[in-house]
Structure formats: structure tokens, C-alpha cells
Amino acid sequence: MTDVSEASAPVPLTEERRIVTAIPGPKSRALHERRLAVVAAGVSSALPVYIERAHGAILVDVDGNQFIDLGAGIGVTTIGHTDEAVVSAASAQLAQVTHTAFGITPYEPYVRVAELLAEHTPGDHAKKSLLVNSGAEAVENGVKIARKFTGRRGVAVLDHAFHGRTNLAMTMTFKSMPYKAGFGPFAPEVYRAPGSYPFRDGLSGTEAAAHTIAYLEKTVGPSDLACLVVEPIQGEGGFMVPADGYLPALQEWCSTHGIVFIADEIQSGMGRTGRYFASEHFGLVPDLVLTAKGIAGGLPLAGVTGRSEIMDAAHAGGLGGTFGGNPVSCAAAIAVFERIEQHNLLAEAQRIEATLKPELLNLQQKYGVIGDVRGIGAMLAIELVEPGSTTPLPEAVNSIVAFAAQQGVLLLSAGTWGNVLRFLPSLAISDDLLGQAVRVLDDALAAL
Ligand SMILES: *Cc1c(COP(=O)(O)O)cnc(C)c1O
């Protein structure tokens, strides 16, 4: 074993998995000591290897270990780490103008991102956008705008939802640990209804929608609801693809009752599922679409995009923020949209599904703990349970994640019970790297 990071010239980044030290290595362990002294304990890291470089679907740590990244920074570097187009667009913008505050003196890249969002979000109605810094901020603003437009207060959300960590967004999030426990009081007027989770509820889309709607009609009543916020494919909840017809039935109910239908596409959007937005798989045309994560290749940016009459309900000065729609982030986002078009990345997401899903289904045949294989495009997951039941096996997920890390594969867990492994690689990942990752997963399952 050689410690390659000690070489004087930068090591060229090869697209390969390579483990050269214990994981975490000595330099990561030393950095972790420093971190424990000064970084708040509430900020955790799933795998405390400190990353020095990244490209495509490969992460390189400070000890020279290289990992196949199946998490893409939680679905953020969707077009690949340090994509050349993003790096050069953002670098050029950085040197040209870094910040003015769009609310003081505007600039073109913000307008261009709004044009691209209008073009690529579902539906051909007139659309407008607001740009902010994070997913949670997009959620907050989507609700704020829906309330102003409807003059109503109620916000409907679903079981297993994740919408972020600020006060309103955390209230809208389902899971207590780690997101909510001890962090109350929570925001008022948030109503949670059962959703569609085919593996666990066994309901058709029509049946599940009837439950959701009946529940909301009994507990709040449609005339008090400003909006319904749904993730078309739930992210942190465990990549649940709702049963056929579920989401269209909800949208129809919303439009009958003047409830703003908001698709939180923060994790499922920007090409992840092989369409620009997962809503398209279900024939949805949301009133508002929330974007973040994958939109700017790793730079912080988020958006609320939707029907002009709804977006324009907020008075001048009512929306915005100091950093919202930062020029460097906007330049990166423009490059991301261009990359998706030029490299036909939507087809790459379909390729990843075609490569990975049959492999996962094979593993399901082999290992009874894989209760469900699900997802669309490069948003795939397996749910681990006691064989033949739906009893969650979070410990199995934790051992697989730990095993894979030792073998140079970064895997992310998810799920209300922490018993889901999700695969959300960059769309740039090669079939070869995917194949290697599957072999490590196979070994990890065998080692359980
Ligand atoms: C990550 C996420 C959010 C919150 O985004 P942040 O940028 O972390 O605030 C909201 N909704 C969904 C579906 C997400 O996956």
C-alpha cells in the first residue's frame, strides 16, 4: 500500500475505486479530531472520510482513497462532480460579478434561470420563478405564496414526507428523529395525511387517494387549505413511488377545491428520474414546482416556479433574500441545463435504471431481506425487511453501508425506519462503476 497523497504532484483522478488505507484513514481521523472540537455535534457525517477532490462519480479523500459515489451529495451533483461546464461557468461568473443582491440591482443569469425553469417544468401555461438558497427556503416560500394567493392558512402534507429543517419545513417533515425531536414548538396549520406506500399499504392509487382525501376533509376541510405539498417520489422517506393514479387524483381534488398543488421536486427533479421532473411520469402539472439539490451542480440555489397568477400574488418586496439567486449559482445552473441537453443526460438516467434495476431485482431473488426494489431512473432503492414480512431491518442497512464504505463504495440510507438503501448516483456514472458497486453490495448482503 502506498500513500499516494504524499506524492508532490497532484494525482490524476482516475475513474476508479481504490482503497489505500484503513477507512477512515489517518488524515481523516486527524481532521475528525479537529472537527469534534469545533463543529456542533448536531451536524453529523454518515462517513467521516474528509474529501479533498471529486470528479464525475468519484470522491477522493485526504488519504488518497477513492470512492464510487452513489449518493451525489444527496442528489446534488446530478450531472457529476466538478463538471467542466459548471466549473468554468461558475469561475467566470465569480470573477465577473459575485453578488449585488437581486433585490437591489439585478443581473441577467437570474432571469435566464427563470426562463429555463419556465421552459422545463411541466405544463405550457405562463410561469414565473423566485430563486432562493436552499430547499427548505423554497418550501417556505412555496407555502407563503400559496397562502397569499388563496387567503387560506392550512398546509397539507403526507406521511413519510421530508421538506427540510427550518421551522415550517421541519414541521412539514414526518420523522421525529433526527429532524424534530426537541426542536419545537412547531409551526401551526400543518395537516398530515396518509399517502401511498404500495409495499406497505397494498392499496391501489385510487384507494390510497380516497384515504388521503377523506382524512384531509375530516381533519381540516378543503376550504381552509392553501396548499398540498407532495414529493412525487418521496426522497428521505425511502424513494416510494406512489401507486398509479394516486397523484393525479390528489391534483384533481386540489383543483376542484382551489388548493394550490405544490410538487416538492427538490430531490426528484432536474433529470434524476429520466425526465426533467418526476411529476411528468404521473401526468402531473403542478401549480408550483420546488427545485433545489441538483439545479446548480453543487452550488446553493433553489427555486419556486409556477403559474404566473399564483406567483404574482405576493406584493413587490414580499419575496427574496440577500443571497437568493446568487449570480455564481445561477451561472452554474445555466450550465447544468445546457449539460442535460448537450449530453442527453435524461437518457443517462434511463440507462442507469436499465443497468441497476435488473441487478437489484437479481439480488432480491438471492437475498430474502430485500423486501422491495423500487424507483425510477437514477432514483432507485431497496427496502430491507425480515424475510417474508414488512418488519424493517435498519441494522442490516447500517452494516451494508459500513461494509461498502470499507470497499470504496459510498451508499446512502433512507426511510422512516432507516431500512432503505437508496441509489442516486451522478448521471455521469459509468456502467462499469455501477457494476462494481453492485458486486460490493452483493458481498455486503452475503456478509450479513
Ligand atoms: C433535501 C430536501 C429538502 C430540503 O432541502 P435543503 O436544501 O436541505 O433545505 C426539501 N424537500 C426535499 C424533497 C428534499 O429532498
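Everything numeric in this text was worked out from a predicted model, so none of it was measured. (Residues numbered from 1 in each chain as written. Predicted model: local features only at pLDDT ≥ 70, side-chain atom pairs only at ≥ 80, totals over all residues. Heavy atoms only, no water.)

> Just checking my understanding: could you explain the side chain of His-160 for this structure?
Residue placement: His-160 occurs in the loop between strand 5 (154-158) and helix 6 (167-172). By relative accessible area, His-160 is classed as buried at 13%. Side chain to side chain, His-160 and Thr-416 meet in a polar contact 2.6 Å long. Leaving out residues up to four positions away in the same chain, His-160 has contacts with Phe-174, Tyr-197, Glu-231, Gln-234, Gly-237, Met-240, Thr-416 and Trp-417. (Helix = DSSP H or I, 4+ residues; strand = E, 2+ residues; numbered from the N terminus. Buried < 20%, exposed > 50% of the residue type's maximum accessible area, 1.4 Å probe, protein only. Polar contact = N/O pair within 3.5 Å; in protein donor to acceptor, adjacent residues only side chain to side chain. Contact = heavy atoms within 4.5 Å.)

> Where do I start with the packing of helix 12 (residues 345-366) against helix 14 (residues 431-446) in this structure?
To describe two helices that pack against each other, one gives the angle between their axes and the distance between the axes. Following both chains from N to C, one finds helix 12 and helix 14 inclined at 15 degrees, their axes separated by 11 Å at the closest point. Here helix 12 lies roughly parallel to helix 14, going by the angle between them. In this structure, helix 12 meets helix 14 at a crossing whose hand is right-handed. The segment helix 12 lies against helix 14, with Arg-351, Ile-352, Thr-355, Leu-356, Glu-359, Leu-360, Leu-363 and Lys-366 engaging Asp-431, Leu-434, Val-438, Leu-441, Asp-442 and Leu-445. (Axes fitted to C-alpha atoms, helices over the stretch in contact; angles between N-to-C directions. Parallel < 35°, antiparallel > 145°, perpendicular 65-115°, else oblique. Left-handed = near helix turned anticlockwise from the far one by under 90°.)

> Hey, could you run me through the domain arrangement of the protein in this one?
Put simply, an interface is often sized by how much accessible area is lost when its parts join up. Partitioning the protein into structural domains gives domain 1 (4-82 + 345-447) and domain 2 (87-342). A straight line from the C-alpha centre of domain 1 to that of domain 2 covers 26 Å. The interface of domain 1 with domain 2 comprises 39 residues on the first partner and 34 residues on the second. In this assembly, domain 1 packs against domain 2 so that about 2900 Å² is buried in total across both faces, 64% of it on carbon and sulfur atoms. (Domains from an automatic or database assignment. Buried area = accessible area lost by both parts, 1.4 Å probe.)

> Hey, could you run me through helix 13 (residues 394-406) in this one?
For the α-helix, the turn length of 3.6 residues means that residues three or four positions removed from each other point alike. Helix length check: helix 13, at 13 residues, gives a terminal C-alpha distance of 19 Å against a target of 18 Å (1.5 Å per residue), a fit within 8%. Buried residues of helix 13: Ala-396, Val-397, Ile-400, Ala-404 and Ala-405, and no others. Looking straight down helix 13, one finds that the buried residues subtend no more than 165 degrees of arc, so they occupy a single side. Those residues of helix 13 hidden inside the fold are in contact with strand 3 (66-69), strand 12 (379-384), strand 13 (409-410), strand 14 (412-414), strand 15 (420-423) and helix 14. Phi turns positive, to about 85 degrees, at Gly-408, one or two residues after helix 13. (Expected span 1.5 Å × (residues − 1). Arc of directions from axis to C-beta.)

> Where do I start with the pattern of salt bridges in this structure?
It is possible for side chains bearing opposite charge to pair when their charged atoms get close. Counted under the stated rule, the structure contains 13 salt bridges. Between Arg-351 and Glu-348 there is a salt bridge whose closest N-O contact spans 2.7 Å. One end of the pair, Arg-351, and the other, Glu-348, are both in helix 12, 3 residues apart, so they sit about a helical turn from each other. Between Arg-374 and Glu-383 there is a salt bridge, and its shortest N-O distance comes to 2.8 Å. On the basis of relative accessibility, which here comes to 0%, the residue Glu-383 falls in the buried class. Here the residues in one salt-bridge network are Arg-200, Asp-372, Arg-374 and Glu-383, joined through shared partners. (Salt bridge = Lys/Arg side-chain N within 4 Å of Asp/Glu carboxyl O.)

> Sorry, what's going on with the pairing of strand 1 (residues 51-55) here?
Each regular strand displays side chains that alternate between the two surfaces of the sheet. Note that strand 1 and strand 2 (residues 58-61) share 4 bridges and pair antiparallel. Bridging across to strand 2, Arg-53 finds its partner in Val-60. Count of turn residues in the strand 1/strand 2 antiparallel hairpin: 2 residues, of which Gly-56 carries a positive phi of about 60 degrees. (Pairing = 2+ DSSP bridges.)

> Explain the sheet that holds strand 12 to me, please; I cannot follow it from the model alone.
Two orientations exist for strands paired in a sheet by backbone hydrogen bonds: parallel and antiparallel. Reading across from one edge, 11-12-15-14 is the order of the 4 strands in this open sheet, with antiparallel pairing throughout. Of all the strands in the sheet, just strand 11 (370-376) and strand 14 have a single pairing partner and so form its edges. Direction aside, neighbouring strands of the sheet carry axes that sit 25 degrees apart on average. Bridging between strand 14 and strand 15 involves 3 bridges; their strand directions are antiparallel.

> Mind showing me how you'd approach the packing of aromatic side chains here?
The final tally for this structure, using the stated rule, is 6 aromatic pairs. Their ring planes at 70 degrees and their centres at 6.4 Å tell us that Tyr-107 and Tyr-110 sit as a pair that is edge-to-face. Arranged with centres 6.0 Å apart and planes meeting at 25 degrees, the rings of Tyr-276 and Phe-337 form a pair that is stacked. Of this pair, Tyr-276 sits in the loop between strand 8 (260-264) and strand 9 (288-291) while Phe-337 sits in helix 11 (residues 327-342), and the two are 61 residues apart along the sequence. Looking at Tyr-276, the relative accessible area reads 6%, which means it is buried. Taken together, the ring pairs connect Phe-102, Tyr-107 and Tyr-110 into an aromatic cluster. The ring of Trp-417 has Arg-200 lying over it, and the distance from NZ or CZ to the ring centre is 4.3 Å. (Phe/Tyr/Trp six-rings, centres within 6.5 Å; stacked < 30°, edge-to-face > 60°. Lys NZ or Arg CZ within 6 Å of the ring centre and 35° of its normal.)

> Explain the pairing of strand 5 to me, please; I cannot follow it from the model alone.
Burial analysis of strand 5 places 5 of its 5 residues in the buried class, which makes it a mostly covered element. Covered by surrounding structure in strand 5 are Gly-154, Ala-156 and Leu-158 together with Val-155 and Val-157, the residues of both alternating faces. Of the strand pairs in this sheet, strand 5 and strand 7 (residues 225-230) are connected by 3 bridges, and their pairing is parallel. From the neighbouring strand, Gly-154 faces strand 7, where its bridge partner is Leu-225. Strand direction decides the pairing type here: strand 5 and strand 6 (residues 190-193), joined by 4 bridges, are parallel. Across the sheet, the residue bridging to Ala-156 is Tyr-191, located in strand 6. In this region the chain leaves strand 5, passes through helix 6 and returns to the parallel neighbour strand 6; the handedness of that crossover is right-handed. (Right-handed = clockwise from strand over helix to strand, strands pointing away.)

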